[in-house]
Structure formats: structure tokens, C-alpha cells
Amino acid sequence: MQACVWCIRTYRQTHIQTPPPPPEMAVLCAQPPSIGAMLTWHRRLVFLVGIFETMVWSGTIFGWASLVHVLKTMGVYSHLCKESLHQVYSLSSNATREVDDTMLVLKDSTKLACSSQDQQFALIYTVACVLYSIPGILLGYCLHHFGLAVTRVLGGLLISSGFVLLALTTADSPSYLWGAAIFLSIGGNIIRMAGLQLGNLFPERRNTAMAIISGMFTPSAGMFIILQYAREAGLPWVYICAGFAGVASFILLFTPLMPRHHVPYTDEIETKDEVKDEKADMKPVRESIFSWSNTFHTYWVFSNMFCVVLFSTYFNSWVNKFSETTEEAAHYSRMYGYANMLCFFVSPLPGLLVDAIATRFQKGKTGLEKHIASVQATIIPMILVTLTVTVQLGSLMFQGPAAVYIGLVCLSINRPSCLAVGNPLIRIRFPVEHFNRVVGFQGTAVALLTLLQYPHFTWVQYQHTIAFAVTLFALSLNLTHPLHLCSKKYLSRVLSFDQSHSQEKPTKV
């Protein structure tokens, strides 16, 4: 009898599977134990909110060219032009009157061109771009330890405060622009990094979802064109910026919809011991960060993003050189904003391309071979991104409407594609629990290297052709990244190590 009872218990334990717990109702600021515990409508709503916030706020600072045009019409830092003219003319009463007349011409007739003013705006933009990613190492650990909700609240407060400071920026008080640019930059990167893990909401289409959420930061650069139109329509500057700050505050209102700590990676229920296990993976994190793959990938991301940032930095002064009127310069500035908004439609394409190539490469393969195929599926998209960035930067060596439009078309393609291809590669190539921290370390490294932007701006003022030729050569070295991924022997060795180590620990993003 006891033997029969034992047999029945054994059969139940081995053959009868316990049904998974039903999905729970959405609870504000709750941490779901698994993806399956989130209702489908809840996951879709969270993803749509993430897309909206990333699209609007994550890269607003990169629409700098449109903002600079507005600030110039407001006379921000125009006193630097007057100081430059005073250095040319003597300080007699007639000369002073001549300086004032020249300033009037700068404001009213044509180009709003002034090298001292351009250098000041370039310096602020350089600092903002550097600070966009330098805190990435801290943000990665903030997401890993403090969670999604706390990080999002910090980002929302910074963005709202940035627009408040921008409202205080006038010709009489231009220094507020520093704080506005820094807050918008750091806050935007927080929203971008917080949105990256939302790709885990759809495990079956993770690459496409992650590519969409990664590329959606680029349309946010077109937000300043709305500000430009509002200013040209005659709306008060303070009201415009206050409206932007009010809309940014919705980040705080949407935060309770998000998982409190992180988006689960699988349908398996995570235990507290699994979530808090960190000592065991300290060594693998270092292995991922200092690997050849991450070194090449960091250079690839840096050189592409650096050249895109250079295009934004030079755009305003570049079009002013051959624009015959202020209206023509304003037209090119609006086209720049439209190109950034066009990125919205381009953003899903890199992820769909990677998924399509991966499906073809993985056909008939399993295990390690399938993993290698998924990594190599990113090679062709990376080469295409490098080529479009090269054409975009090369357009700055020419003058005329054709060069402007070619550069803007390339901008609308490569700006969403760079991170839309790069972030899924990090997710595929390295263990999933390293994602936030590897992206954070990479962002900090890229930001530090971006400090070269301002010296490059100064170099171009004196040796235009040589400076851009050297930059284009450095950009061509990007091909080392996709080429090293062609080695199946290398990928077999490193991916085998990652898989053997990941089997020892639970996975968590």
C-alpha cells in the first residue's frame, strides 16, 4: 500500500505540471515576478508610454541647431559679437556708432554670423553632449540597484527643471542656458536608458522592440522645431518653455504604471535570492566590459555618434556661410528639425532588418551555432550605418542646398540606426544581466571621448579640409568592428564562456 502511494506521488511530481499562476491585475508601482504575470494590455500600455517618452524627451538636446537659431534671434550671447567688433575698430565715438550699426545689420538683414557667438554655443553644446553620457556608469548601477521607478522620477525632474531654466534664458541673462542644456542632457539620457529594458516586455520580438525603443530617441531632437515655430508665431518665450516643462512632468505621472524595479526577462518567477545575487557576477561584468568585442563596439558607437554630433555642431555656422538671407538659414534649420522627426519612421527598420537577417542566418541551427548567427546578423546593418555616417560628414566639405539635403537624408537614416543596431548587439553578445551596466560603462567612455568635439571645432576653423579628412579616416576604422564578428572561431570561444557562466546564475536585466 505504501509502495502504491509512493508511486502515485512520484507520478504526480514528474508528469503532472503545476499550472502557472494566472496573470495579476496591474498594480501601481508593483514588481511583477515574471513577464507572464503582466497582462497583455498592461505590457502594451507600458511599451507605448516608453516609446512616447523616449521619442519626445530622450534626445531633445540634439536638436541644438534649431534652438541656436531661436536663441540668436533673441540676441543671446550677441554681446560677444559686439566685443569682437570692438577689437577691430578703435573706441572713438564714431567707431562705437559704427559697431552698433554693424550689430543692427547682424540682427536684421542676413546671416546672424559671428564666430565668437558660434564658439560659445558650440562650447555649451559640447559640454551638454559630454554630460549626456558621462553619468551612464552611475545610471546603469542606479537602474540595477534602485530600480526603474526611482531612476525615472530623477529623469523627469531634471527635464522639467531644464525647461524652466531655458525660460529664464534671455539676452540679459544668457548664463541660464548652461544649466538648461546640462539638465536636458542628463535627464534625456536617463529616460533613454530607462526605456531600453522595455524591449523585454515582448520576448518573442525582443530585437525589434529594443531597436524601436533605442531608435526612438532620435525624433526627440525635432522637438525644438516646435519651439522654433511657436517663437516665430509670436508666443511669449516664457509660456513656450513653461508648456514644455508641464508636458515633461507627465513622466512622473506615468511612473506608477511601470514595474517598480525592473522588467523581468523570462516567464520564470524570480526569487529574492536570484534578484539580489550580485557577488557571483562581478567578475563576468569585468570580462564583458574589457572584452575585445566591447572595445571595438565602443569605438564603433563613439565614432558614429561623434560624427553625427559634429554635423549638428557645424550645421548652423555651415549653412550661414552660403545662405543669402536669414529666411534661407531658417529654412535649413527647419529642414534639420524635419529630418530629426523623420527618424520616427526610420526607427523600426533597423530592428526589422536585424530580425529578418537573423531569421535567415539561424535557419536550421541550434544551440551555439544559432547564437553565433544572431550576433553575425548585425554585421550588414553596422556596415550600412558606417557608410551613411561617412556620407553625412563628407557633405560638410561642400556648400549648397544639395549638400544640405544629402546630409539631412543620411542623418534621418543613421541617427536612429546607430543605437538601434548597437544596443541589440550588446543584448545578444553579452549575458543579459550585464546589459544595463555595459551600456552605462560604454556611455561614459563615449562621453569622455566626445570631449574631442570642441578642439575639433577649433581645428576646423584653421584647417578645414585636413580636420575633416582625418575624421573621415578615423571613421573608416569602424569596419574593424563588423569584420572581427565574422570570425566564428572567436565567437564560438567567447559565447561558449558566456553561456557556461550564465547557466550558473539566474538571469535578470
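For the structure itself, consult the block above.
Rules and cut-offs
Residues numbered from 1 in each chain as written. Predicted model: local features only at pLDDT ≥ 70, side-chain atom pairs only at ≥ 80, totals over all residues. Heavy atoms only, no water. Helix = DSSP H or I, 4+ residues; strand = E, 2+ residues; numbered from the N terminus. Buried < 20%, exposed > 50% of the residue type's maximum accessible area, 1.4 Å probe, protein only. Contact = heavy atoms within 4.5 Å. Core = buried A, V, L, I, M, F, W, Y, C linked by side-chain atoms within 4.5 Å. Axes fitted to C-alpha atoms, helices over the stretch in contact; angles between N-to-C directions. Parallel < 35°, antiparallel > 145°, perpendicular 65-115°, else oblique. Left-handed = near helix turned anticlockwise from the far one by under 90°. Nonpolar A, V, L, I, M, F, W, Y, C, P; charged D, E, K, R; others polar. Patch = residues over 30% accessible without salt bridge, like charges linked within 9 Å, V, L, I, M, F, W, Y side chains within 5 Å. Areas by Shrake-Rupley, 256 points an atom, 1.4 Å probe, with all protein chains shown as cover. Salt bridge = Lys/Arg side-chain N within 4 Å of Asp/Glu carboxyl O. Polar contact = N/O pair within 3.5 Å; in protein donor to acceptor, adjacent residues only side chain to side chain. Expected span 1.5 Å × (residues − 1). Bend = angle between axes of the 7 residues up to and from the residue.

## Looking at the overall build of the protein
Across its full length, the protein holds 26 helices and zero strands. Split into buried and exposed, the 509 residues of the protein put 55% on the buried side. The long-range share in the protein, meaning contacts at least 24 apart out of those at least 6 apart in sequence, stands at 85%.

## A short note on the nonpolar core
One finds W64, L166 and F315 to be the most contacted residues of the largest nonpolar core, which totals 123 residues. A total of 15 residues in this core trace back to one element, the largest contributor, which is helix 16 (residues 292-322). Leave out the neighbours within four places in its chain, and F315 touches A65, Y332, S333, Y336, V404 and L408.

## Re the packing of helix 6 (residues 115-133) against helix 23 (residues 453-462)
Contact pair helix 6 / helix 23: the axes reach a minimum separation of 9 Å and the direction vectors enclose 155 degrees. One element, helix 6, and the other, helix 23, form an angle in the roughly antiparallel class. The handedness of the crossing between helix 6 and helix 23 is right-handed. Where helix 6 approaches helix 23, its residues D118, Q119, A122, L123, Y125, T126 and C129 are matched on the opposing element by Q453, Y454, F457 and Q461. Considering only residue class, the contact of helix 6 with helix 23 consists of six nonpolar, four polar and one charged.

## Section: a nonpolar patch on the surface
Residues L353, I380, I383, L384, L387, L479 and L483 make up a contiguous nonpolar surface patch of roughly 590 Å² in combined accessible area. Considering every element that reaches the nonpolar patch, the biggest residue donor is helix 20 (residues 379-394), with four residues. Topologically, L384 is positioned in helix 20.

## Some points on the environment of C114
Mapped onto the elements, C114 comes out in the loop between helix 5 (93-108) and helix 6. Exposure remark for C114: the relative accessible area of 9% places this residue in the buried category. Counting along the chain gives 203 residues from C114 to S317, while the straight-line C-alpha distance between them is 8.7 Å. Beyond its immediate chain neighbours, meaning those up to four positions away, C114 contacts L80 and C81.

## Some points on the side chain of N316
Along the chain, the position of N316 falls in helix 16. Owing to a relative accessible area of 9%, N316 belongs among the buried residues under this scheme. Within polar-contact distance, the side chain of N316 engages the side chain of K72 at 2.8 Å. Those residues in contact with N316, other than ones at most four positions away along the chain, are A65, V68, H69, K72 and D118.

## Some details on the packing of helix 3 (residues 64-73) against helix 17 (residues 326-346)
The packing of two helices is summarised by the inter-axis angle and the distance between the axes. As a packed pair, helix 3 and helix 17 sit with axes 8 Å apart at the nearest point and diverge in direction by 150 degrees. Put simply, helix 3 runs roughly antiparallel to helix 17. Where helix 3 crosses over helix 17, the two elements pack in a sense that is left-handed. Between helix 3, through A65, S66 and H69, and helix 17, the contact on the second element is made entirely by T326, A330, S333, Y336 and G337.

## What about the pattern of salt bridges?
Pairs may arise between side chains of opposite charge once their charged atoms sit close together. Inspection of the entire model under this criterion finds four salt bridges. A salt bridge links K72 to D118, with the shortest nitrogen-to-oxygen separation between them at 2.6 Å. Of the two residues, K72 is situated in helix 3 and D118 in helix 6; the sequence distance between them amounts to 46 residues. According to the relative accessible area criterion, K72 is buried, its value standing at 6%.

## Examining helix 21 (residues 401-429)
In a regular helix each residue adds 1.5 Å, so 29 residues correspond to 42 Å; helix 21 covers 42 Å between its end C-alpha atoms and thus fits that length. Its axis deflected by about 30 degrees at S417, helix 21 carries its strongest bend there. Of all 29 residues that make up helix 21, 23 are buried, and the element is covered over most of its length.

## Things to note about helix 2 (residues 40-57)
Between its first and last C-alpha, helix 2 extends 26 Å over 18 residues, near the 26 Å set by a 1.5 Å rise per residue. Buried within helix 2 we find H42, R43, V46, F47, V49, G50, I51, E53, T54, M55, V56 and W57.

## So, the side chain of S323
One can find S323 in the loop between helix 16 and helix 17. Residue S323 is classed as buried on the basis of its relative accessible area of 1%.

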